There are 2 protein chains.
Amino acid sequence: MKIKVDRQDKAILALLQADASLSVAEVAEKVGVSKSACWRRMQKLEEAGVIRERVTLLNQDKVNLPLTVYVSVRTNQHNDRWAERFREVVEGVPEVLEVYRMSGDLDYLIKAVVTDMPGYDRLYKELIKADLFDVSSSFVMESMKQTTQLPLRYLQEKTQ
Amino acid sequence: MKIKVDRQDKAILALLQADASLSVAEVAEKVGVSKSACWRRMQKLEEAGVIRERVTLLNQDKVNLPLTVYVSVRTNQHNDRWAERFREVVEGVPEVLEVYRMSGDLDYLIKAVVTDMPGYDRLYKELIKADLFDVSSSFVMESMKQTTQLPLRYLQEKTQ
DNA sequence: TGTGAAAAGATTAGCAG
DNA sequence: CTGCTAATCTTTTCACA
């Protein structure tokens, strides 16, 4: 489905991306539309699937997960059964937050969070159950930028 | 500050991580505490900084950013001026969502979203303004897991 | 669209254990 | 202190101009 929005919709999305706890009235005021117009726009954006979900982000340190690690994985078994097994393993490990199949010479990229090095070691042992060929880990030393806000400039604008 | 929570707090956090739009009443009911008890717990968790923010996640495809790319960066200039310049560049590019300084042989890992290959090329040109030594990009072919929900099992539990 | 009213929810205060 | 109940205030939702 082709999505087209106008300037107001973009402004609404930008605000909601930054803060999901804004009330409809606050958003409406900032964007310069009436409360109910704003509410209807938000409904439409949700129905259209532009808005995926509203989530609460927790502080990694405060939940005792200060270490973030990226694990590059290569396999020599390029078959469906292996892929299915791999999917099951990563799905079952809650420390694994993201898993991507990648282009280029590494096959998969995993982002995970752990408490400390022993925690990483446990994670590692858990992961290699999936029968991985080559694993290389890199730890996050410092987070210089981290946002969930997508740029909206590439979203086609409705010309009125 | 040391954070200690009990079973109820964990349950609240788990629910809010999954869905920030739940009402206090809904959370209270699921957790099995009263509405206002639940509200006060939520306040405390926010004050304690366990809850960082509530955000709205948009659908990447619907905002015309279907391509995700990880850019590994190495530099030969390990000085503060270069680091500051690098920080400014990535901060100023909205397609760049995450930037980490890493352990190991790569220096920085960048996660970015773009519309298509020409979009990636524009991003690349933007990034190399920071005077990078070695850049290697890998594209996300398939997202197999993607969550913002942190596991809560490592959060110290208050023994009552 | 926007207005406004009814329903649902959030927040505060007072009280009990 | 923590939690419950009730009163009040805010926000959401929806009919209608």
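Scroll up for the structure.
Residues numbered from 1 in each chain as written. Chains lettered and ligands numbered in written order. Predicted model: local features only at pLDDT ≥ 70, side-chain atom pairs only at ≥ 80, totals over all residues. Heavy atoms only, no water.

As for unusual backbone geometry
Residue and element names in this part refer to chain B. Our working definition: Elements are defined by DSSP. Helices are runs of H or I of four residues or more, strands are runs of E of two residues or more, and each kind is numbered from the N terminus.
The phi angle at N64 is positive, at roughly 65°, despite the residue not being glycine. Note that N64 resides in the loop between β1 (51-58) and β2 (67-74). Despite not being glycine, D131 has its phi angle at roughly 65°, a positive value. The residue D131 is located in the loop between α5 (117-127) and β5 (134-146) in this model.

Quick notes on the pattern of salt bridges
So the rule is basically this: Just to be clear on terms, a salt bridge is a Lys or Arg side-chain nitrogen sitting within 4 Å of an Asp or Glu carboxyl oxygen. Working definition: with a 1.4 Å probe on protein chains only, accessible area under 20% of the residue-type maximum means buried, over 50% means exposed, and in between means partly exposed.
Under the counting rule described, the total for this entry stands at 28 salt bridges over all chains. Note that R101 of chain A and E142 of chain B form a salt bridge whose closest N and O atoms lie 2.8 Å from each other. Here R101 of chain A is found in strand β3 (residues 96-102), whereas its partner E142 of chain B is found in strand β5 on a different chain. Of the residues examined, E142 of chain B reaches a relative accessible area of 25% and is grouped as partly exposed.

A closer look at the protein's contact with DNA strand C
Let me state the cut-off plainly: Neighbouring residues are identified by heavy atoms, a residue being near a molecule or strand if any of them is within 4 Å of it. Polar contacts, as used here, are pairs of N or O atoms within 3.5 Å; protein pairs need one atom able to donate a hydrogen and one able to accept it. Residues neighboring in sequence count only if both atoms are side-chain atoms. Three classes are used, and their members are as follows: Ala, Val, Leu, Ile, Met, Phe, Trp, Tyr, Cys and Pro are nonpolar, Asp, Glu, Lys and Arg are charged, and the others, Gly among them, are polar.
The full set of residues close to DNA strand C is S34, S36, A37, R40 and R41 of chain A together with S23, V24, A25, K35, S36 and W39 of chain B. In this structure, a phosphate oxygen belonging to DNA strand C sits 2.9 Å away from a side-chain N or O atom of S34 of chain A. A distance of 2.5 Å separates a phosphate oxygen of DNA strand C from a polar side-chain atom of W39 of chain B. Going through the elements one at a time, α3 (35-47) of chain A together with α2 (24-31) and α3 (35-47) of chain B are the ones with two or more residues in the surface near DNA strand C. Of the residues forming the surface near DNA strand C, the biggest block, four residues, is contributed by α3 of chain A. Residue classes in the surface near DNA strand C are distributed as four nonpolar, four polar and three charged.

Section: helix α1 (residues 7-18) of chain B
Which entries qualify depends on this criterion: Multiply 1.5 Å by the residue count of a helix minus one, and that product is the helix's expected span. The directions from the helix axis to the C-beta atoms form the arc being described. Note on definitions: a residue-residue contact is assigned when non-hydrogen atoms from the two residues lie within 4.5 Å.
For α1 of chain B, built from 12 residues, the straight-helix expectation of 16 Å at 1.5 Å per residue is met to within 8% by its first-to-last C-alpha distance of 17 Å. Considered for burial, the residues of α1 of chain B that qualify are D9, K10, I12, L13, L16 and Q17 of chain B. Looking straight down α1 of chain B, one finds that the buried residues subtend no more than 160° of arc, so they occupy a single side. Contact partners of the buried residues in α1 of chain B: β1 (51-58) of chain A together with α2, α3 and β1 of chain B.

Observations concerning the sheet that holds strand β2 (residues 67-74) of chain A
Test applied: At least two bridges found by DSSP between two strands are what make those strands a pair. Axes, fitted as lines to C-alpha atoms, cover a helix only where it is in contact. Angles between the N-to-C directions of the axes lie from 0 to 180 degrees.
Sheet architecture is closed into a barrel: eight strands sit in the order β2(A)-β4(A)-β3(A)-β5(B)-β2(B)-β4(B)-β3(B)-β5(A), paired in antiparallel fashion. Between one strand and the next, the sheet's axes are offset by a mean angle of 35°, whatever the strand orientation. Pairing between β2 of chain B and β5 of chain B: six bridges, direction antiparallel. Among the inter-strand pairings, R74 of chain B is bridged to a residue of β5 of chain B, identified as D134 of chain B. Helix α4 (residues 80-92) of chain A rests against β3 and β4 (108-114) of chain A together with β5 of chain B of the sheet, and its axis sits at about 85° to β5 of chain B. Along the sheet, helix α5 (residues 117-127) of chain A contacts β2, β3, β4 and β5 (134-146) of chain A; its crossing angle with β4 of chain A, the most-contacted strand, is approximately 140°.

Considering the interface of chain A and chain B
Our working definition: As used here, buried area is the combined drop in accessible area, with a 1.4 Å probe, of two parts when they are placed together.
Counting residues at the interface gives 67 residues for chain A, matched by 67 residues for chain B. Between chain A and chain B, a total of about 6,800 Å² is buried, with carbon and sulfur atoms accounting for 56% of that surface. For chain A, the biggest contributors to the area lost against chain B are L58, M144 and K145 of chain A; these three give 13% of the whole. Here chain A is connected to chain B by eight salt bridges. Across the salt bridge formed by E95 of chain B and R153 of chain A, the nearest N and O atoms sit 3.4 Å from each other. Those elements that place two or more of their residues in the side of chain A that touches chain B are α1 (7-18), β1, α4, β3, β4 and β5 of chain A. At nine residues, the largest contribution of residues to the side of chain A that touches chain B is made by β5 of chain A.

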